[in-house]
Structure formats: structure tokens, C-alpha cells
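Chains, contacts and geometry: an overview
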Amino acid sequence: MPGTFITFEGIDGSGKSTQLRLLGNFLRAHGCDALLTREPGGTTLGLRLREALLDAMEEVDPLTELLVFAADRAQHVRRMLRPALEAGRVVISDRYADATVAYQGAGRGFSPELISQIVQLATEGLKPDLTLLFDVSIEESTNRTTRRSNNKTFTRDRLDIEHADFHTRVRDAYLQIALAEPERVKIIDTSGPVERTQERVRAVIVPYLQSRGQLEIADFRLPIANLKQQ
Ligand code: TYD
């Protein structure tokens, strides 16, 4: 496929969503019109599925959860990701199939065989070219998600409040994926300030996109972008 597909993964509170936003601003400022998206909730239908899943007052059965994430992904892959990649765009998704391996596989305990069948069905084999795994200790992740919930603009959703055991299994599974696929998955250390982490992100992404001919760090493109906005 002519485009480049990048995913951001990590446990809740790893700071990946903030990093995605910062990276998106940086790429746009340098003339790379990256499509930023997310799972669950990248499409209109996906947004409704996301709300139904994450805020459900009724207890969601783990099998239902697995299938709804898969439905969200099928819609995302077929209606948004593939067309954008076929058009040659850079697409960056906040979570993708590795999340199902980590959360529903290791977290909820579904067998690797079932997980891989469901992932294959939903993605039709579409794999990221590059994945950044934002790693954080369980302790720091809990501190961050608790701070988020105290700060009233965010509510801690259902999966956020799973116990530490669950998050430990999810984190270990992500690290296993990185070990098994070191070419695709790069671990990003998220200790220290947000700016420091963003430097680490750019240190991986910029040379990668340059090597694929999808990013030229050339300031002369900036006035063109500005002119278009006027
Ligand atoms: P979201 O509010 O988007 O959180 P975050 O900003 O932390 O990504 O919620 C995503 C939640 O859904 C998160 O707890 C992980 C979970 N999830 C799965 O369990 N399986 C999946 O396949 C995906 C994509 C997400």
C-alpha cells in the first residue's frame, strides 16, 4: 500500500493521546497531512460503539466487548484506514489490533487462537508499518488516570478502573509483542516531562517517514499552509 500506517499503543495513562496530538501538530507544520484517528471511535459508527462500550451502565460481557471492538475495527479498516492508505496518506491511529491482543487476550483471558482469528477477520490482514509502544509503570499509570478523574473534565471509564493485576497483564502482553516484533514495535520511555517524551517520539517518527519519502523537514512549506488558511 502506498501510504504509511503507524499505531500508538500502551496502557491507560501512558500519555499516548497527548503525544499523538503534539506529533500531529508538528507533522502538519512541516507539510505532512497526517490523518490522526483512534480506536475505538475513529468513525461515526465507531463513536457510537465506543460510547456504548465504555460508559455502559449494564455490565458488558467480555465476549460482547471483544466483538464490539472488532466491529469498530472492521468499520475503521474498511471505511477509513484502507482508503487513506491507498491514497498514499500517513495514518496514525491511537490504538489498533495490538490492544485486542493485550486487553482482551492477556487482560480478559481469551485464547491467543481466538484473538488472532478475530483480529484477522476485522483487519483483513492490515498490519501497522510501525508501532510506538508508550511504556509506563503501573504505579505511574494509576497516578495519571486518578489525576485525570479528579480533574473533572475527564471521567474514568470502565476499563480505566480495572484492578492493577489486569493492567499488569496488559502491560506485560504489550512488552511481549515488542519483544516478538522488534522491527515493527518501538518502545517509548514515557518517564519525565511530556516534551522529553515528544522528542523521543520524533526521533523515531521523523527518520522513519523521511526514509519512506513522506516527510521533508523544509520550512518553505509553512507559508503555503498558512496561505491556504487565509
Ligand atoms: P479510550 O477512552 O479511548 O482511552 P485511551 O485514551 O486510554 O486510549 O478507551 C480505550 C479503552 O478501550 C482502553 O481502556 C483500552 C480499551 N480497548 C480494548 O480493550 N481493546 C481494544 O481492542 C481497543 C482498541 C481498546
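Please refer to the structure placed before this passage.
Residues numbered from 1 in each chain as written. Predicted model: local features only at pLDDT ≥ 70, side-chain atom pairs only at ≥ 80, totals over all residues. Heavy atoms only, no water.

Describing the overall build of the protein
- For the protein, the helix and strand inventory stands at 9 helices and 5 strands.
- Secondary structure elements in the protein, listed N-terminal to C-terminal, are β-α-β-α-α-β-α-α-β-α-α-β-α-α.
- A buried classification covers 46% of the 230 residues belonging to the protein.
- Contacts in the protein between residues far apart in sequence, at least 24 positions, make up 80% of those at least 6 positions apart.
- Of the roughly 12,000 Å² of accessible surface on the protein, 54% is carried by carbon and sulfur atoms. (Helix = DSSP H or I, 4+ residues; strand = E, 2+ residues; numbered from the N terminus. Buried < 20%, exposed > 50% of the residue type's maximum accessible area, 1.4 Å probe, protein only. Contact = heavy atoms within 4.5 Å. Areas by Shrake-Rupley, 256 points an atom, 1.4 Å probe, with all protein chains shown as cover.)

Topic: the packing of helix H4 (residues 97-107) against helix H5 (residues 112-123)
- Interhelical geometry of H4 versus H5 gives an angle of 150° and a closest axis separation of 10 Å. One element, H4, and the other, H5, form an angle in the roughly antiparallel class. Regarding H4 and H5, the two cross each other, and that crossing is right-handed. Where H4 abuts H5, its residues Ala97, Thr100, Val101, Gln104 and Gly105 lie against Ile115, Val119 and Thr123. (Axes fitted to C-alpha atoms, helices over the stretch in contact; angles between N-to-C directions. Parallel < 35°, antiparallel > 145°, perpendicular 65-115°, else oblique. Left-handed = near helix turned anticlockwise from the far one by under 90°.)

Concerning the sheet that holds strand E4 (residues 130-135)
- With parallel pairing, the 5 strands of this open sheet are ordered in space as E2-E3-E1-E4-E5. The two strands at the open ends of the sheet, each matched to only one other strand, are strand E2 (35-38) and strand E5 (185-189). Sheet twist, expressed as the mean angle between neighbouring strand axes with direction ignored, is 20°.
- Summarising the sheet, strand E1 (residues 4-10) and E4 pair through 5 bridges and their orientation is parallel. Counted as the bridge partner of Thr7 is Thr131 from E4.
- Packing of helix H3 (residues 62-86) onto the sheet brings it into contact with E1, E2 and strand E3 (90-94), and relative to E2 it is tilted by some 160°. (Pairing = 2+ DSSP bridges.)

Topic: helix H2 (residues 44-54)
- Among the residues of H2, those classed as buried are Gly46, Leu53 and Leu54. In a view along the axis of H2, the buried residues occupy a sector of 80°, so they form one face of it. The outward face of H2, more than 90 degrees from its buried face, is lined by the exposed residues Thr44 and Arg48.
- Against the buried residues of H2 lie H3. (Arc of directions from axis to C-beta.)

Let's talk about the site of the ligand
- Taken together, 17 residues are adjacent to the ligand, and Arg38, Arg50, Arg95, Thr100 and Gln104 come closest.
- Contacts to the ligand include Asp12, whose side-chain N or O atom sits 2.8 Å from an oxygen atom.
- Interatomic distance of 2.6 Å between a side-chain N/O atom of Arg38 and an oxygen atom of the ligand.
- The fraction of the free accessible surface of the ligand (550 Å²) that becomes covered by protein chains is 95%.
- Broken down by secondary-structure element, the contributors of at least two residues to the shell around the ligand are helix H1 (16-29), H2, H3 and H4.
- In terms of residues, the shell around the ligand owes the most to one element, H4, which gives 4 residues. (Near = heavy atom within 4 Å. Polar contact = N/O pair within 3.5 Å; in protein donor to acceptor, adjacent residues only side chain to side chain.)

Remember that the coordinates give geometry; whether it matters functionally is a separate question.
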